Amino acid sequence: MSSAVSNQARPAEAGPARQPVPGPASTGTGTSGAGASGPGPGGRGPATDYSGYPLVGSKHPWRWVGTAAVALGVAAVAWSLATNPRWEWGVVAQWFTAQSVVNGLLETLKLTAISGILGFVLGFILALMRLSASPLLVSVSWTFSWIFRSTPLLVQMLLWYNLGYLYEKISLGIPFTDVRFFEVQTTTLISQFAAAVLGLTLNQAAYSAEIIRGGILSVDQGQLEAAAALGIPAWRRSTRIVLPQAMRAILPTAFNEIIGLVKGTSIVYVLAYSELFYTVQVIYNRTQQVLPLLLVATLWYVVITSVLSVFQYYIERHYSKGAVRTLPLTPLQKARKFFATHAVAPSRARSPR
Amino acid sequence: MSTAAAQTATGTGQTATVTGQTAAESAAAAGVRTEAAAPTRGLVEITKVRKSFGATEVLKGITLTVEPGGVAVIVGPSGSGKSTLLRTINHLEKVDGGHIAIDGTLVGYEVRGRRLHELREKDILKQRTEIGMVFQNFNLFPHLTALENVAEAPVVAQGRSKEEARKRGLELLDRVGLKDRAGAYPRQLSGGQQQRVAIARALALNPKILLFDEPTSALDPELVNEVLDVIRELAKSGTTLIIVTHEMGFARDVADTVVFMDEGQIVEQGSPEQIFANPQEPRTRSFFSKVLEPAFNI
Ligand SMILES: Nc1ncnc2c1ncn2[C@@H]1O[C@H](COP(=O)(O)OP(=O)(O)OP(=O)(O)O)[C@@H](O)[C@H]1O
Ligand SMILES: [Mg+2]
């Protein structure tokens, strides 16, 4: 090792006059005197060479104490869940994959996907309207958000379902004239499904509009200016420069919304729409096994949310490219790194090559 | 150098612009581009440009001509409107009065009847590809690598092929000494390196005119010289340069015209020798007496 050789080449350094820890505090006062003349005792000579010493990371004993305490708590909860017979795990297992429950689950997923996608598309349009220079577009967008955010979703849902009472027929034509291209009975158009999608979508659009607008606003104006100065066309400016950067601000809240929507779909039980929650209600009203069946629904919601969280992690990671100096490791990479550093003896892993 | 000699007092500039204005109008009206021989492209004529933000008038009738291939350095106290003037040159900032012409073509407007109509966005964008701009705070796209930053505009604004833009991008990064960092994201680069990428990005469109807003304000002294060399080379290559800077040593080095601005007006302009050694206006003298000393001591 070259460091060891150079250490011996300067025997004066190893003398007892030399302080073992050269720090600014210890040498600072000595410099003013004979310091500049050379590597004399107490002077500011070349620092002692520690390059042969192994490096040891700092220890975090309290982190381990905290980890142990939390682990104990988790174990206790798990134990009580497993051993208390009133949870009736057998009943849970029996219903978890029952055909009716799975059908309900599929309905829930369908509602979430459709109203989530439509809601965010409409929200995107509303956000652009709100950011446009036209006062009319701005106020229409503002009013939309205002109305749909200030009325309970439950009420909206019931209103849509009962639209037939307010308007018997729905027709498409030229406003303020008698020209009608097509006309239909409201009750045939607004099924349970349509009312559910309509209610969830419009409500979702109102919220996601604000999320997307916030994301767009968070992008530095200089970015748009630089792009404009380079002659990059407006559409390309939005899609290539602004949106990818806005996504970083949009994604965490957007996933919050989507996860909220998964469970929010349970509100359509008021329309007797047989999604997951309504289905288990029907079942436990019949079998009187209330808690186990609620547990079935809960577990499914947990599963969906977990899957979404994994997606969220990777999508966010994708959009953090360039925004963070080094990309965070994926869990897989983290695990590999953990085994690479901890599986071998710590002294070997830490010492310099 | 000839530019500097031609215009010493502001009065001369004024008369020069009157002819410039008519030339610009007739050229624009006829739809003809005064595209002369290669070294003569990049004539910038700024005529009586006014700009206000609310009640404050930031530019109070600026008239300035920069000859093709000339290097004009704009100096002046903070808030005097230097950045604003630069931004009007590529129409990032709309003027309230006056006009700017490049090689006889109005920037951002066209003459119809006896009015100046603002051009459509598409045409403005096309004009901007001939005017490169390097910003005070770089404004690199943080989610794109150095090379992607440089290669983006040639593809979407000039319709070059991706491969061609990439090759040219690497060439330009090489020229600013950053070829080996082509794949790095801006946040992984030092401030000085970021500014050099920004210069490469502005060069990628092969502009007639380059606008620099304090290009060296974020560079450490060692890098200033590298950038200076790049800029000198650019000056020789016949690109017109308009540079705003607070670094007087740099200004003296690279300029052939130095323009001193204060409170939205051009107080004085001339060759670096004239302006630095023998300023005529008391306002110029008092400004330089404050800034020059530390700059020249380096
Ligand atoms: N968008 C704006 N809205 C309102 N005022 C503005 C705006 N942009 C610039 N100003 C004002 O215009 C004046 C000139 O600004 P400008 O940025 O051109 O100064 P500058 O000469 O470049 O200064 P510096 O040397 O500090 O960069 C300043 O007083 C500034 O506050
Ligand atoms: Mg400025």
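Residues numbered from 1 in each chain as written. Chains lettered and ligands numbered in written order. Predicted model: local features only at pLDDT ≥ 70, side-chain atom pairs only at ≥ 80, totals over all residues. Heavy atoms only, no water.

### Brief notes about the overall build of chain A
Regarding its fold elements, chain A presents 16 helices and 2 strands. Considering chain A as a whole, with its 353 residues, one finds that 30% of them fall into the buried category. In chain A, the proportion of contacts linking residues at least 24 apart, taken out of those at least 6 apart, comes to 68%. With an accessible surface of roughly 22000 Å², chain A has 67% of that area assigned to carbon and sulfur atoms. (Helix = DSSP H or I, 4+ residues; strand = E, 2+ residues; numbered from the N terminus. Buried < 20%, exposed > 50% of the residue type's maximum accessible area, 1.4 Å probe, protein only. Contact = heavy atoms within 4.5 Å. Areas by Shrake-Rupley, 256 points an atom, 1.4 Å probe, with all protein chains shown as cover.)

### Brief notes about the site of ligand 1
Residue and element names in this part refer to chain B. Lining the immediate environment of ligand 1, one finds 13 residues, of which Ser78, Gly79, Lys82, Ser83 and Thr84 sit closest. Measuring from an oxygen atom of ligand 1, one finds a side-chain N or O atom of Ser78 at 2.5 Å. The side chain of Thr84 places a nitrogen or oxygen atom 2.5 Å from an oxygen atom of ligand 1. For ligand 1, the protein covers 58% of the area, taking 640 Å² as the surface of the free molecule. (Near = heavy atom within 4 Å. Polar contact = N/O pair within 3.5 Å; in protein donor to acceptor, adjacent residues only side chain to side chain.)

### Focus: unusual backbone geometry
Here the phi dihedral of A:Gln288 falls at roughly 65 degrees; this positive angle occurs in a residue that is not glycine. Among the structural elements, A:Gln288 can be located in the loop between helix H13 (276-287) and helix H14 (290-319). Of note in the backbone geometry, B:Asn206 takes a positive phi value of approximately 55 degrees without being a glycine.

### Things to note about the sheet that holds strand E12 (residues 265-270) of chain B
All names here are of chain B. One open sheet holds the 6 strands; their spatial order is E8-E9-E10-E3-E11-E12, and the pairing between them is mixed. Each edge of the open sheet is held by one strand with a lone partner, namely strand E8 (131-134) and E12. Across the sheet, the mean angle from the axis of one strand to that of its neighbour is 20 degrees, orientation sign disregarded. Here helix H3 (residues 82-89) sits on the sheet in contact with strand E3 (71-75), E8, strand E9 (209-213), strand E10 (240-244) and strand E11 (257-262), set at roughly 155 degrees to E9. (Pairing = 2+ DSSP bridges. Axes fitted to C-alpha atoms, helices over the stretch in contact; angles between N-to-C directions.)

### So, the packing of helix H12 (residues 234-264) of chain A against H14(A)
Residue and element names in this part refer to chain A. Relative to each other, H12 and H14 sit at 175 degrees, their axes nearing to 10 Å. On the basis of their axis angle, the class for H12 and H14 is roughly antiparallel. Here H12 contributes Pro244, Met247, Arg248, Leu251, Pro252, Phe255, Ile258, Ile259, Val262 and Lys263 to the contact with H14, which in turn contributes Tyr301, Ile304, Thr305, Leu308, Ser309, Phe311, Gln312, Ile315, Glu316 and Tyr319. Classifying every residue of the contact of H12 with H14 by side-chain character gives 14 nonpolar, 3 polar and 3 charged. (Parallel < 35°, antiparallel > 145°, perpendicular 65-115°, else oblique. Nonpolar A, V, L, I, M, F, W, Y, C, P; charged D, E, K, R; others polar.)

### Topic: the nonpolar core
Counting 47 residues, the largest nonpolar core has B:Leu173, B:Phe212 and B:Ile243 as its most contacted members. Here this core takes 7 residues from helix H8 (residues 221-236) of chain B, the largest share from any one element. Residue-level mapping places this core at the junction of two domains, with at least three residues from each of domain 1 (39-130 + 207-295) and domain 2 (141-205) of chain B. Residues within four places of B:Ile243 in sequence aside, it is in contact with B:Val71, B:Ala72, B:Val73, B:Ile74, B:Phe212, B:Pro215, B:Ile231, B:Phe250 and B:Val254. A:Ala229, B:Ile74, B:Leu92 and B:Ile131 belong to the second largest nonpolar core, which has 39 residues in total. (Core = buried A, V, L, I, M, F, W, Y, C linked by side-chain atoms within 4.5 Å. Domains from an automatic or database assignment.)

### What to know about the sheet that holds strand E2 (residues 56-66) of chain B
Residues and elements named next belong to chain B. If you trace the 4 strands from one edge of the open sheet to the other, you get E2-E1-E4-E5, paired in antiparallel fashion. Two strands lie at the open edges of the sheet, namely E2 and strand E5 (105-106), each paired on one side alone. As defined by bridge partners, strand E1 (residues 44-53) adjoins E2 across 8 bridges and the pair is classed as antiparallel. Along E2, the bridge assignment pairs Ser52 with Glu57.

### Describing the domain arrangement of chain B
Residues and elements named next belong to chain B. With domains assigned, chain B is organised as domain 1 (39-130 + 207-295) and domain 2 (141-205). One C-alpha centre belongs to domain 1, the other to domain 2, and the line joining them spans 24 Å. Across the contact, 14 residues belong to domain 1 and 12 residues belong to domain 2. The junction of domain 1 with domain 2 conceals about 1100 Å² of combined surface from both sides, 69% of it contributed by carbon and sulfur atoms. When residues of domain 1 are sorted by the area they lose upon contact with domain 2, Thr129, Pro207 and Val230 head the list and together hold 36% of the total. At the junction of domain 1 and domain 2, the tally comes to 0 salt bridges. Secondary structure elements with two or more residues in the side of domain 1 that touches domain 2: E9 and H8. Per-element tally for the side of domain 1 that touches domain 2: the top contributor is H8, with 6 residues. Here the side of domain 1 that touches domain 2 is built from residues that sort into 10 nonpolar, 1 polar and 3 charged. (Buried area = accessible area lost by both parts, 1.4 Å probe. Salt bridge = Lys/Arg side-chain N within 4 Å of Asp/Glu carboxyl O.)

### Details of the pairing of E3(B)
Residue and element names in this part refer to chain B. A large share of E3 lies buried, amounting to 5 of its 5 residues. Relative to E10, E3 runs parallel, the two sharing 4 bridges. Note on E10: the bridge partner recorded for Ile74 is Val244. Summarising the sheet, E3 and E11 pair through 4 bridges and their orientation is parallel. In the strand pairing of E11, Ile74 is matched with Val259.

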